[in-house]
Amino acid sequence: MTFLRTLPVLVLALGLAACDTADPEPEAALVTVDVVAFEAFGNCESSTNPGDFQFQVALVDAGNNVISSTDFPTGLPYGTHPSASGGAVGLYAFNPRQRRAVDGLVSAERARDVNGTFGVRFSGMEWDTQTTRDARFDDVQQIRSHPFEDGLFQRVAGEQSIVIGTTSDCRVELEYRLTIQ
């Protein structure tokens, strides 16, 4: 008799479970940009005067909205001259064809579906004075897109690079590695 009393509850529970036919949420992917180096092809200055640079590397969504970012040099907010921040951190000084290895990570979780499409945005500026940026390299940026297609994020294998700047005497390259877990 106890079984007969619990039978309606059991049937109701099985019926509710059968109604849940929605697909489970796709597992999120951890996207990590390992910033390796910056290389100045041209330093936006004369050959005897190094350029004074700062950069930002960001993960952006499909609409180019920032998800996560890291500023370089570390400790200096992007768009701020060291003199305005107490001068604790200086800018990167580059001569033409100079490369600087750096250590920095940018990471964020992304859905493993078309909504998880992301890009790596590289931004930079070169300061002429404490208050003036070089007009040729004033918050210049480039984005490399990594869409989610055919069940995978695209263009993620191997070393990656993005070049910013429009003239040969004022261009910098970001070298990075991208991992998806």
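Fair warning: this is a prediction, and the values are worked out from it, not measured in the lab.

**Q** Any details on the overall build of the protein chain? Residues and values, ideally.
**A** Looking only at helices and strands, the protein chain has one helix and eleven strands in total. Along the protein chain, from the amino end to the carboxyl end, the secondary structure elements read α-β-β-β-β-β-β-β-β-β-β-β. Per-residue burial over the protein chain gives 37% buried out of 181 residues. For the protein chain, the share of sequence-separated contacts (at least 6 apart) that also reach a separation of at least 24 residues comes to 68%.

**Q** How would you explain the sheet that holds strand E10 (residues 159–167) if you had to name every residue and give the values?
**A** Here four strands make up an open sheet; going across it, the order is E5-E1-E11-E10 and the pairing antiparallel. Both outer strands of the open sheet, strand E5 (98–111) and E10, are each paired with one neighbouring strand and no more. Direction aside, neighbouring strands of the sheet carry axes that sit 25° apart on average. Relative to strand E11 (residues 170–180), E10 is paired through seven bridges, and the arrangement is antiparallel. By the bridge assignment for E11, Ile162 is matched with Leu174.

**Q** Tell me about the packing of aromatic side chains, residues and numbers included.
**A** Overall, the coordinates contain 13 aromatic pairs when judged by the stated rule. Ring geometry for Phe53 and Phe137: centres 5.3 Å apart, planes at 90°, overall edge-to-face. Separated by 84 residues along the polypeptide, Phe53 in strand E2 (residues 51–61) and Phe137 in the loop between strand E6 (118–127) and strand E7 (140–146) bring together distant segments of the chain. Like Phe53, the residue Phe137 is buried in the burial classification. Through pairs of rings, three or more aromatic residues link up here, namely Phe38, Phe53, Phe55, Phe72, Tyr92, Phe94, Phe122 and Phe137. Positioned above the aromatic ring of Phe94 is the side chain of Arg100, whose terminal nitrogen or guanidinium carbon lies 5.7 Å from the ring centre.

**Q** I'd love a proper account of the pattern of salt bridges, names of residues and values included.
**A** Applying the stated criterion to the full structure yields seven salt bridges. Measuring nitrogen to oxygen at the nearest pair gives 3.2 Å for the salt bridge that ties Glu39 to Arg97. Remark: Arg97 occurs in the loop between strand E4 (92–94) and E5 and Glu39 occurs in strand E1 (residues 28–43); sequence separation between them is 58 residues. With a relative accessible area of 12%, Glu39 lands in the buried category. Since its relative accessible area comes to 53%, Arg97 is described here as exposed.

**Q** Quick rundown of unusual backbone geometry? Include the residues and the values.
**A** Residue Pro73 follows Phe72 across a cis peptide bond; omega there is -5°. Along the chain, the position of Pro73 falls in the loop between strand E3 (66–72) and E4. Positive phi, close to 55°, is recorded for Asp150, a residue that is not glycine. With respect to the helices and strands, Asp150 occurs in the loop between strand E8 (148–149) and strand E9 (152–153). Although it is not a glycine, Arg155 adopts a positive phi angle of roughly 60°. You can see Arg155 is positioned in the loop between E9 and E10. For Arg155, a relative accessible area of 45% corresponds to the partly exposed category.

**Q** Can you tell me about the state of the cysteines, naming the residues and giving the values?
**A** Evaluation of the coordinates by the stated rule reveals one disulfide. In this model, Cys44 is linked to Cys170 through a disulfide, with the two sulfur atoms separated by 1.8 Å. Taking the torsion about the S-S bond as the criterion, the Cys44 to Cys170 disulfide, at about 90°, is right-handed. Note that Cys44 is positioned in the loop between E1 and E2 and Cys170 in strand E11, a separation of 126 residues in sequence. Classification of Cys170 as buried rests on a relative accessible area of 0%.

Definitions and cut-offs
- Residues numbered from 1 in each chain as written.
- Predicted model: local features only at pLDDT ≥ 70, side-chain atom pairs only at ≥ 80, totals over all residues.
- Heavy atoms only, no water.
- Helix = DSSP H or I, 4+ residues; strand = E, 2+ residues; numbered from the N terminus.
- Buried < 20%, exposed > 50% of the residue type's maximum accessible area, 1.4 Å probe, protein only.
- Contact = heavy atoms within 4.5 Å.
- Pairing = 2+ DSSP bridges.
- Axes fitted to C-alpha atoms, helices over the stretch in contact; angles between N-to-C directions.
- Phe/Tyr/Trp six-rings, centres within 6.5 Å; stacked < 30°, edge-to-face > 60°.
- Lys NZ or Arg CZ within 6 Å of the ring centre and 35° of its normal.
- Salt bridge = Lys/Arg side-chain N within 4 Å of Asp/Glu carboxyl O.
- Disulfide = S-S within 2.5 Å.

The analysis is restricted to geometry; functional conclusions fall outside its scope.
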